[in-house]
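Observations on the model geometry
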Amino acid sequence: MGAKRTRADLSKAEILDAARELARRDGMDFAMRDLAEALNTWPNAIYGHFKNKFTLQQELVDHILDQAFTGEVFRELLNEETSWEDRLRRGGQEIFDVCSRYYGLGRLLSAHGMGSTSKAMQLIPALVMMLMRQGLSEVRAATIMQAATVYICSMGDMAAMFERGITNREAFLGTLDTTSGGPMADTMEVFFAYKKAERVKEGIDMFIAAAKAEIGELR
């Protein structure tokens, strides 16, 4: 591949693009040496653009979200002619879909949360305002949105785990070394049975029902 590239040869955008491809293959907690190899450079050259791996991961979260949320999605989520229920369902499904493609993204997004600078996360305050217009207080609207986002991110992480090749019961239990039985094996059996993507739709509807119940009590 020729001589190793230096910090000056790299841009943040190029590093983030390479990191996104690596995260799609290996998950968000990829090895920095693998990223450096993909860029034909040394890890220290990457750290010249990012303070540390955590900083890189935070910016990668925003980079992935900005790639995933297209203009069409934004228009649909901000269209006030669409019911607030359908807008929540669409937004939740979009977050689930992107989290299910990158193992570990849901966990980072839950932690990163409102500290994100991505356009996608700026939709959260807009959706909170949407619930407030239905009569909920700012605190209640924000609490429902936060809980729903954490739930959806967790389900996305679960789906990503299975997408990485754990596609049957034996492989799943074997990966987690639960073949000897016991309480851990029982827990993982339940976890495996719960992996189906339609669960996220049920969960979103659960949060919608909770919001509607509170709105009904206020009217």
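As a reminder, the structure under discussion sits directly above these lines.
Structure report, in brief. The residue numbers shown here count from 1 along each chain, following its written sequence. Per-residue local features of the predicted model are confined to residues with pLDDT of at least 70, and side-chain atom pairs are confined, for both listing and counting, to 80 or more; whole-chain, interface and lining totals are unaffected and use all residues. Only hydrogens and water are removed before side-chain values are computed, so all heavy atoms of the structure are retained for them.

**Re the overall build of the chain**
- Strands are runs of DSSP state E lasting at least two residues, helices are runs of H or I lasting at least four, and both sets are numbered from the N terminus onward. From N to C terminus, the chain includes 12 helices and 0 strands.
- Order of helices (α) and strands (β) in the chain, N terminus to C terminus: α-α-α-α-α-α-α-α-α-α-α-α.
- Residue exposure (1.4 Å probe, protein chains only): buried if accessible area is under 20% of the type maximum, exposed if over 50%, otherwise partly exposed. The proportion of buried residues among the 219 residues of the chain is 44%.
- All accessibility values rest on the Shrake-Rupley procedure with a 1.4 Å probe; residue burial counts only the protein chains present in the view. For the chain, the exposed area adds up to about 11600 Å²; of that, 53% sits on carbon and sulfur atoms.

**Structural notes on the packing of aromatic side chains**
- Pairing of aromatic side chains requires ring centres within 6.5 Å, counting the rings of Phe and Tyr and the six-membered ring of Trp. Pairs whose planes differ by under 30 degrees are stacked, by over 60 edge-to-face, and all others tilted. Counting across every chain of the model gives 2 aromatic pairs.
- Either the NZ atom of lysine or the CZ atom of arginine qualifies as a charge over a ring when it sits within 6 Å of the ring centre and within 35 degrees of the ring normal. When the ring centre of Phe-30 is taken as reference, the NZ or CZ atom of Lys-53 above it lies at 5.7 Å.

**Let's talk about the pattern of salt bridges**
- Definition used for salt bridges: Asp or Glu carboxyl oxygen within 4 Å of a side-chain nitrogen of Lys or Arg. Overall, the coordinates contain 13 salt bridges when judged by the stated rule.
- For Glu-76, the salt bridge identified is with Arg-90, shortest N-O distance 2.1 Å. With Glu-76 in helix α5 (residues 71–78) and Arg-90 in helix α6 (residues 84–99), this residue pair connects regions lying 14 residues apart in the sequence.
- Look at Glu-76 and you get partly exposed, because its relative accessible area is 32%.
- Across the pair Glu-94 and Arg-90 runs a salt bridge whose closest N-O atoms are separated by 2.8 Å. Here Glu-94 and its partner Arg-90 are both found in helix α6, 4 residues apart, which amounts to about one turn of the helix.
- Through salt bridges with shared partners, a single ionic network connects Asp-17, Arg-20 and Glu-21.

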